[in-house]
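# An overview of the molecular structure
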Amino acid sequence: ERVFASPHDESRAVSYVIRARAYAVRGDWTWARADADKGVAEDPKDVYTWLNRSDVRRTLGDRDGALSDALKAIETDAKNPYGYLIAAEIYDEMENAAEAQEYFKKLYAVEPKAIERIPDKYLEAVDKRAYATRMKEKEKERAAREKEIRAKLQEKNRPKDGNTD
């Protein structure tokens, strides 16, 4: 009930869906579903009601419902990147790579800073230059790790008394 007692509570609808997320995390599916639905019903024009209900449904294992809400969030506010991100991730979870790729592209178009959220397997199609940069960085990290491992192995295999005979 603290969520409704906040002096900064400007939207009861958003408060309902936030409380629904808390119920979902606790495993209280009945209350989570009820509050999420109540929040969307109270203010269907607020993108955050759709995004939060999408998150609740995803937590509950309802991918189709979560995807539907993510798409509704995009319809409600096409400039908000989170609907694209959620839709892309859900399509990926559902092994629909073509749709996942499309929504990762849309995410990047709306919010280029979200590039770090795009998995490698989709990044090349989204931004070839960013993909090449990421792969170079990963290669540098891998080479540094290998160098560190080799140095540790050499140190471990070196005689303790300094004798090399």
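Residues numbered from 1 in each chain as written. Predicted model: local features only at pLDDT ≥ 70, side-chain atom pairs only at ≥ 80, totals over all residues. Heavy atoms only, no water.

Looking now at the overall build of the protein chain. Assigned secondary structure in the protein chain consists of 9 helices and 0 strands. In sequence order, the secondary structure elements of the protein chain are arranged as α-α-α-α-α-α-α-α-α. For 165 residues, the compact-globule estimate of 2.2 N^0.38 gives 15 Å, and the protein chain exceeds it by more than 25% at 23 Å. Overall size of the protein chain, expressed as C-alpha extent along the three principal axes, is 80 × 35 × 30 Å. The contacts in the protein chain between residues at least 6 apart in sequence include a share of 39% that link residues at least 24 apart. Counting only carbon and sulfur atoms, one obtains 50% of the accessible surface of the protein chain, whose full area is about 11,000 Å². (Helix = DSSP H or I, 4+ residues; strand = E, 2+ residues; numbered from the N terminus. Rg over C-alpha atoms; globule rule 2.2 N^0.38 Å. Contact = heavy atoms within 4.5 Å. Areas by Shrake-Rupley, 256 points an atom, 1.4 Å probe, with all protein chains shown as cover.)

At their nearest, the axes of helix H6 (residues 81-93) and helix H7 (residues 97-110) sit 8 Å apart, and the two run at 160 degrees to each other. With respect to each other, H6 and H7 are oriented roughly antiparallel. Judged by the sense of rotation from one axis to the other, the crossing of H6 with H7 is left-handed. Packed against H6, whose contacting residues are Pro81, Tyr84, Leu85, Ala87, Ala88, Glu89, Tyr91 and Asp92, the element H7 presents Glu99, Ala100, Tyr103, Phe104, Lys106, Leu107 and Val110 at the interface. (Axes fitted to C-alpha atoms, helices over the stretch in contact; angles between N-to-C directions. Parallel < 35°, antiparallel > 145°, perpendicular 65-115°, else oblique. Left-handed = near helix turned anticlockwise from the far one by under 90°.)

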